[in-house]
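In case you want the letters, here they are:
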Amino acid sequence: MARRTVDMSDLIAKRGALEKLLEKTVLDTTQKITLDAGARLMIASPVDTGEFRGAWEIEAPMKSYEPRRITNNTVYGPALASGHSDQASDGWVENALLAAVRFGGGQ
């Protein structure tokens, strides 16, 4: 088998640009998924008075690898997230989040 030599100098010279491109891609994708997950949660939220649906707070990252947060601080939020509503069965939160990740933030 013949040996082949690969010249990596061009790739090494572009390392900084590649790292920036990767970081931007990670950030863009993470932001899209976070916003899509928030939208899916709002749409899937059970509604009586609308207070729960309107209480979602979405905090998308501003830098790559920062934590993202989607919260709903209503007192009855945990009960609704556990399926204590005829409008949304147990697992609706997980399903909304999985759909956002599965589709990469593309609604």
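Look above for the structure.
So, here's what we can say about the structure. (Residues numbered from 1 in each chain as written. Predicted model: local features only at pLDDT ≥ 70, side-chain atom pairs only at ≥ 80, totals over all residues. Heavy atoms only, no water.)

## Let's talk about the packing of helix α2 (residues 15–44) against helix α5 (residues 92–102)
Part 1: Contact geometry for α2 and α5: axes closest at 8 Å, N-to-C directions at 145°. For the element pair α2 and α5, the recorded crossing hand is right-handed. From α2, Ile33, Asp36, Ala37, Arg40, Leu41 and Ala44 reach across to α5, where they touch Trp92, Val93, Ala96, Leu97, Ala99, Ala100 and Val101.
Part 2: Looking at side-chain class alone, the contact of α2 with α5 contains 11 nonpolar, no polar and two charged residues. (Axes fitted to C-alpha atoms, helices over the stretch in contact; angles between N-to-C directions. Helix = DSSP H or I, 4+ residues; strand = E, 2+ residues; numbered from the N terminus. Left-handed = near helix turned anticlockwise from the far one by under 90°. Contact = heavy atoms within 4.5 Å. Nonpolar A, V, L, I, M, F, W, Y, C, P; charged D, E, K, R; others polar.)

## A look at the environment of leucine 41
Part 1: Note that leucine 41 resides in helix α2.
Part 2: Put simply, leucine 41 and valine 93 are 52 residues apart on the chain and 6.5 Å apart in space, counted from C-alpha to C-alpha.

## Focus on α5
Part 1: Looking at α5, one finds that the buried residues are Trp92, Val93, Ala96, Ala99 and Ala100. End-on view of α5: buried residues confined to an arc of 130°, all on one side of the axis. For α5, the exposed residues set more than 90 degrees away from the buried face come down to Asn95, Val101 and Arg102.
Part 2: Among the structural elements, α2, α3 (51–54), β1 (56–59) and α4 (77–81) are those in contact with the buried residues of α5. (Buried < 20%, exposed > 50% of the residue type's maximum accessible area, 1.4 Å probe, protein only. Arc of directions from axis to C-beta.)

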